[in-house]
Amino acid sequence: MLPPPYKIKVVEPIALAPAQRRRRAIIEAGFNTFLLHADDVFVDLLTDSGTGALSQEQRAAMELGDESYAGSRSFFRLEQAMRDVYGWRHLVPTHQGRGAEHLLSRALVRPGQLVPSNLYFTTSREHAELAGAVWVDVSIPEASDPESRHPFKGNIDVGKLRRLIVDAGREQIAFVRQEACLNMAGGQPFSLENLRAVRALTRELDVPFFLDGTRASENALFVKEREPGNEHRTVAEILREIASLADGAVFSSKKDHFVPIGGFAATDLEGVARRMRELVVVYEGFPHYGGMAGHDMEALAQGIREAADEETVRAYVGQARYLGARLEELGIPIVVPVGAHAVFLDAKRFLPQVPQAQFPAQALAAAIYVAGGVRTMERGIVSGQHGTDPYHGLELVRLTIPRRVYTREHLDYVAEVVERVHAQREDVPGLEMIYEPKELRFFQARFEPLQPFPAFELSESPEPELVPAG
Ligand SMILES: Cc1ncc(COP(=O)(O)O)c(C=O)c1O
């Protein structure tokens, strides 16, 4: 495989905080990696959101940012880029993905209606529910099986979706949502065949169908690689077909559009676009900037074009695969197949001694940080539990790869740190939650260990030995 199609021009220094400082830092952060200070982090695999490197073309485009409140030239360039790559008619810009989720839910949901979706995403579900909807999972069962090698775990169970809509009645469905490279299942794609079936069903039953288009570029690459008949198509062509199969989409552009901030909703549905434009002025800003500065919109317009570049997408997915392969060689339990943007550790198999009610993925993320300054994210019961129902879903730690940022040496280091924790896994205790925020609790919850937390055998090189010259 060819190396990535870019070289590094600007660098940001990072340093490994001493072991004692890391132990202090995780205690101060309440064993929640979101609450660590970046200064205490060495390799930051918390998220791929807003953490990618801008290209020189994006930085150059930012100079053209038009900060006009209304009628900004930058908006029209952004609109053109979105139409060229995806093809929808209407664009409503927002400050980031959840801004778009908010507008879409407010535009489409009547209290009591259902939103069927492949699994869930935290902010997407939150906004649908704040608007009064009931979230319903219609993913295929393989999505929740970390050991299933199904190539398209992002697929929707079309039979289940049909029964749901028919039983509830179409007026009871706010919209159907399908997420590209399904984050909570491990970054798993949907197939074009499945998407076409969902499109046909939603047309037949007259229900709006929206994508969460975040990471659609990587999804297009998976389709090319795995779905017969697509091997000779470009990622750009597949991306365009994906977009043509839905009434619209919401995007967090902080991922595959390579921007630190930004997002949007796009649609062909005139009435939905109108309602979102009415709402955007209340919550985000004028429809010609929606919470972004002019220079943000310029970077985004260029980023949208780069997201359709096959080699760029391939290099990125290749990094996740590389890390996944290293971890599998080491016998570490991960979600297979490796998905788009991250390697997900299966905490239930990694720490079988910790029951799910004691937050094994949260504990494992804390342990990986203490062992080597690598910041990862819990994607298990803390993120997944909702209301008072018990949660028996996936219990994962996400090692997320920022785009165009880290080298293979960084990834090798991460594998070593995970191996170190694995060697001492029996010592990792469960946690107790001592502070639970009401909304999206995983961001700010605080924990305490139920037994002393291990220090780990640290392999930081000691002071270099002084050897006599000569
Ligand atoms: C699939 C998916 N949808 C929506 C969002 C929300 O986007 P944002 O963080 O830009 O608000 C995210 C972000 O993590 C995401 O991964």
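The coordinates are above.
The rules behind the values
Residues numbered from 1 in each chain as written. Predicted model: local features only at pLDDT ≥ 70, side-chain atom pairs only at ≥ 80, totals over all residues. Heavy atoms only, no water. Helix = DSSP H or I, 4+ residues; strand = E, 2+ residues; numbered from the N terminus. Rg over C-alpha atoms; globule rule 2.2 N^0.38 Å. Buried < 20%, exposed > 50% of the residue type's maximum accessible area, 1.4 Å probe, protein only. Contact = heavy atoms within 4.5 Å. Areas by Shrake-Rupley, 256 points an atom, 1.4 Å probe, with all protein chains shown as cover. Salt bridge = Lys/Arg side-chain N within 4 Å of Asp/Glu carboxyl O. Pairing = 2+ DSSP bridges. Axes fitted to C-alpha atoms, helices over the stretch in contact; angles between N-to-C directions. Near = heavy atom within 4 Å. Polar contact = N/O pair within 3.5 Å; in protein donor to acceptor, adjacent residues only side chain to side chain. Nonpolar A, V, L, I, M, F, W, Y, C, P; charged D, E, K, R; others polar. Parallel < 35°, antiparallel > 145°, perpendicular 65-115°, else oblique. Left-handed = near helix turned anticlockwise from the far one by under 90°. Expected span 1.5 Å × (residues − 1). Patch = residues over 30% accessible without salt bridge, like charges linked within 9 Å, V, L, I, M, F, W, Y side chains within 5 Å.

Enquirer: Before we move on, could you go through the overall build of the chain and cite the residues and values that matter?
Expert: Within the chain one finds 16 helices and 14 strands. Relative to the compact-globule value of 23 Å for 470 residues, the chain shows a C-alpha radius of gyration of 22 Å, a close match. Its C-alpha atoms give the chain principal-axis dimensions of roughly 75 × 50 × 45 Å. Looking at the chain residue by residue over its 470 residues, the buried ones come to 59%. Contacts in the chain between residues far apart in sequence, at least 24 positions, make up 73% of those at least 6 positions apart. Put simply, the chain shows about 19400 Å² of open surface, and 52% of that area lies on carbon and sulfur atoms.

Enquirer: Give a detailed account of the pattern of salt bridges, specifying residues and quantitative values.
Expert: All chains considered together, the criterion is met by 32 salt bridges. Between Glu-28 and Arg-24 there is a salt bridge; the shortest N-O distance is 3.6 Å. Here Glu-28 and its partner Arg-24 are both found in helix H1 (residues 19–28), four residues apart, which amounts to about one turn of the helix. Residue classification places Glu-28 among the partly exposed positions, given a relative accessible area of 43%. According to the relative accessible area criterion, Arg-24 is partly exposed, its value standing at 46%. Notably, a salt bridge pairs Asp-206 with Arg-170, separated by 3.8 Å at the nearest N-O pair. Residue Asp-206 is located in the loop between helix H7 (192–204) and strand S6 (209–212), and its partner Arg-170 is located in the loop between helix H6 (158–168) and strand S5 (176–179); the two are separated by 36 residues in the primary sequence. Residue Arg-170 is classed as partly exposed on the basis of its relative accessible area, which comes to 32%.

Enquirer: Outline the sheet that holds strand S12 (residues 396–400), listing residues and values.
Expert: Backbone-to-backbone hydrogen bonds join strands into a sheet, with any given pair of strands oriented parallel or antiparallel. Spatially, the three strands line up as an open sheet ordered S9-S12-S11, and their pairing is antiparallel. Only two strands of the sheet have a single partner each, and these edge strands are strand S9 (342–346) and strand S11 (377–379). Between one strand and the next, the sheet's axes are offset by a mean angle of 35°, whatever the strand orientation. Here S9 runs beside S12; their pairing, made up of five bridges, is antiparallel. Bridge assignment links Leu-345 to a residue of S12, and that residue is Val-397. Set on the sheet, helix H14 (residues 360–372) makes contact with S9, S11 and S12; between it and S12 the angle comes to about 40°.

Enquirer: Lay out the site of the ligand in plain terms, naming residues and giving numbers.
Expert: Around the ligand, the structure places 14 residues, and the nearest of them are Gln-96, Arg-98, Asp-212, Ser-252 and Lys-255. One of the backbone nitrogen or oxygen atoms of Gly-97 is found 2.8 Å away from an oxygen atom of the ligand. Within the side chain of Ser-252, an N or O atom sits 2.7 Å from an oxygen atom of the ligand. Look at the ligand: alone it shows 390 Å² of surface, and the protein chains cover 95% of it. Counting residues per element, the shell around the ligand draws most heavily on helix H4 (residues 97–108), which supplies three residues. Looking at the shell around the ligand residue by residue, the class counts come to one nonpolar, six polar and seven charged.

Enquirer: Give a detailed account of the packing of H7 against helix H9 (residues 235–244), specifying residues and quantitative values.
Expert: Packing of H7 against H9 brings their axes to within 10 Å, and their N-to-C directions diverge by 20°. Here H9 runs roughly parallel to H7, going by the angle between their axes. The interaxial crossing formed by H7 with H9 has left-handed handedness. Contacts between H7 and H9 involve Leu-192, Leu-195 and Arg-196 on the former and, on the latter, Ile-238, Glu-241 and Ile-242.

Enquirer: Residues and numbers for helix H3 (residues 73–85), please.
Expert: It helps to recall that an α-helix has 3.6 residues per turn; residues three or four apart then point in one direction. With 13 residues, H3 should reach 18 Å at 1.5 Å per residue; the first-to-last C-alpha distance of 19 Å fits that figure. Against the buried residues of H3 lie strand S2 (90–94), H9, strand S8 (263–267) and helix H11 (294–306). Its side-chain oxygen placed 3.1 Å from the backbone nitrogen of Ser-74, Ser-72 serves as the N-cap of H3. Where H3 terminates, the next one or two residues include Gly-87, which has phi positive at roughly 95°.

Enquirer: Describe in detail a nonpolar patch on the surface, supporting the description with residues and values.
Expert: On the surface, Val-281, Val-282 and Tyr-283 cluster together into a nonpolar patch covering about 270 Å² of accessible area. Within the secondary structure, Val-282 is located in helix H10 (residues 270–283). Looking at Val-282, the relative accessible area reads 57%, which means it is exposed.

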